[in-house]
Amino acid sequence: MTRSKIERLISILSPLLLLCIWELATRFGLVDTRFFPGPSTVLASLWLMLISGELWRHVSASLTRILAGFVIGAVPAIVLGIAMGLSRWLRAALEPMIAATYPVPKSAILPLILLIFGLGEASKVAMVAIGVFYLVVINTMSGVMHIARIHFDVGKNYGASRLRTFTTIALPGALPLILTGLKLGMGMGLVLVVVAEIVGAKSGVGYMIQNAWTVFAVERMYAGLIVISILGYVFSLILDELERAIVPWKVR
């Protein structure tokens, strides 16, 4: 077996081993099943929600909010991040504001977001977009600033316009860190959409977890957590494949 196949096998077997240990611990009474139901119980609850259509209703609602917020937050962040990386004047004007507002917990501004956008879909999408924006713009700017100066000098010597410099030097050169920002942003988007759904929603994975908590249906809460984990893993795989396709020169 090749090294990559061994690594993939380990990545599959390690969580399965953890689930087996968890299941055995519940069956032998080593943990309190009121708070830590076994994986078999959680999967049974997950299956019932799946065949009833309830799970898909909540997942589709969360996916719609995540994807909309991701696009709204990532696209302007990439453009602005590249512009800030190219222009020291723009960077001097905007970087202090980004540095000052980025550490503010996004969940702390949720009440303000709800006041502005209300309890509808806009507030959930806005929360995701804000969280994605900061991570993508910071990584994009850093990616541009790490491009060797000689590349810009060559472009200048050949008379490249600002648009050509943007599209042929800055964007390709910053792609590895842009994709890193997108991965981090997607993870942050998952966290924030769940927080927003717990506070004010009638659908979504966060609402499903909150509703299960109110009736002490612990296995449904774990089912919601498993769904979030699966979504995060799938998004990570998709972005990894995108990275292999558009950044083949990146050393792994």
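Let me sum up the structure you'll find in this document. (Residues numbered from 1 in each chain as written. Predicted model: local features only at pLDDT ≥ 70, side-chain atom pairs only at ≥ 80, totals over all residues. Heavy atoms only, no water.)

Moving on, we come to the overall build of the chain. Per the secondary structure count, the chain includes ten helices and zero strands. Each helix and strand of the chain, placed in order from N terminus to C terminus, yields the pattern α-α-α-α-α-α-α-α-α-α. Expressed along its principal axes, the backbone C-alpha trace of the chain runs to roughly 70 × 55 × 30 Å. In the chain, which comprises 252 residues, the share counted as buried stands at 38%. Long-range contacts, defined as pairs at least 24 residues apart, comprise 72% of the intrachain contacts of the chain with a sequence gap of at least 6. Split by element, the accessible area of the chain, about 14,800 Å² in all, is 71% carbon and sulfur. Of note, the chain has its 21 positive side-chain charges centred 8 Å away from the centre of its 12 negative side-chain charges. (Helix = DSSP H or I, 4+ residues; strand = E, 2+ residues; numbered from the N terminus. Buried < 20%, exposed > 50% of the residue type's maximum accessible area, 1.4 Å probe, protein only. Contact = heavy atoms within 4.5 Å. Areas by Shrake-Rupley, 256 points an atom, 1.4 Å probe, with all protein chains shown as cover. Lys, Arg positive; Asp, Glu negative; His and termini not counted. Charge placed at Lys NZ, Arg CZ, Asp CG, Glu CD.)

With that out of the way, let us pick up the nonpolar core. Judged by nonpolar contacts, the single largest core of 45 residues is most densely connected at Leu 55, Val 59, Leu 182, Val 205, Val 227, Leu 231 and Phe 235. Every element with two or more residues in this core is listed here: α2 (39-52), α3 (54-86), α6 (121-145), α8 (162-199), α9 (205-214) and α10 (218-246). Element by element, the count of residues in this core is highest for α8, at eleven residues. One finds Leu 110, Leu 114, Ala 126 and Ala 196 within the second-largest nonpolar core, a separate group that totals seven residues. (Core = buried A, V, L, I, M, F, W, Y, C linked by side-chain atoms within 4.5 Å.)

Next up on the list: the packing of aromatic side chains. Applying the stated criterion across every chain yields a total of four aromatic pairs. Relative to Phe 216, the ring of Phe 35 lies with its centre 6.3 Å away and its plane at 90 degrees, an arrangement referred to as edge-to-face. Of this pair, Phe 35 sits in the loop between α1 (3-27) and α2 while Phe 216 sits in the loop between α9 and α10, placing them 181 residues apart in sequence. Classification of Phe 216 by relative accessible area gives exposed; the value is 51%. Centre to centre, the rings of Phe 133 and Tyr 134 are 5.7 Å apart; their planes meet at 85 degrees, and the pair counts as edge-to-face. Overall, the relative accessible area of 22% leaves Phe 133 in the partly exposed class. Under the relative-accessibility criterion, Tyr 134 is labelled buried at 14%. Counting every residue linked through ring pairs, the aromatic cluster contains Tyr 102, Phe 133 and Tyr 134. The ring of Tyr 134 is capped by Lys 106, whose NZ or CZ atom sits 5.0 Å from the centre of that ring. (Phe/Tyr/Trp six-rings, centres within 6.5 Å; stacked < 30°, edge-to-face > 60°. Lys NZ or Arg CZ within 6 Å of the ring centre and 35° of its normal.)

Below, the discussion takes up α2. Because each turn of an α-helix spans 3.6 residues, side chains separated by three or four positions end up pointing in the same direction. For α2, which comprises 14 residues, the first-to-last C-alpha distance of 20 Å matches the rise-based estimate of 20 Å (1.5 Å per residue) to within 8%. Where α2 is concerned, the buried positions are Pro 39, Val 42, Ser 45, Leu 46 and Met 49. Relative to the axis of α2, the buried residues are bounded by an arc of 130 degrees and lie together on one face. Pointing more than 90 degrees away from the buried face of α2 are the exposed residues Trp 47, Leu 48, Ile 51 and Ser 52. The elements touched by buried residues of α2 are α1, α3, α9 and α10. At the exit of α2 stands Gly 53, carrying a positive phi of roughly 90 degrees. (Expected span 1.5 Å × (residues − 1). Arc of directions from axis to C-beta.)

For the rest of this paragraph, the subject is the environment of Arg 57. Relative to the helices and strands, Arg 57 is located in helix α3. Distance from Arg 57 to Ser 203, taken between C-alpha atoms, is 7.4 Å for residues 146 residues apart in sequence. Apart from the residues lying within four places of it in its own chain, the contact partners of Arg 57 are Lys 202 and Ser 203. A polar contact of 3.5 Å, which involves the side chain of Arg 57, links it to the side chain of His 58. (Polar contact = N/O pair within 3.5 Å; in protein donor to acceptor, adjacent residues only side chain to side chain.)

Locating Lys 106 in the fold gives a position in the loop between α4 (88-101) and α5 (110-117). A distance of 2.7 Å separates a polar atom in the side chain of Lys 106 from the backbone oxygen of Tyr 102. Residues contacting Lys 106, with those up to four places away along its chain left out, are Thr 101, Met 127, Ile 130, Gly 131, Tyr 134 and Leu 192.

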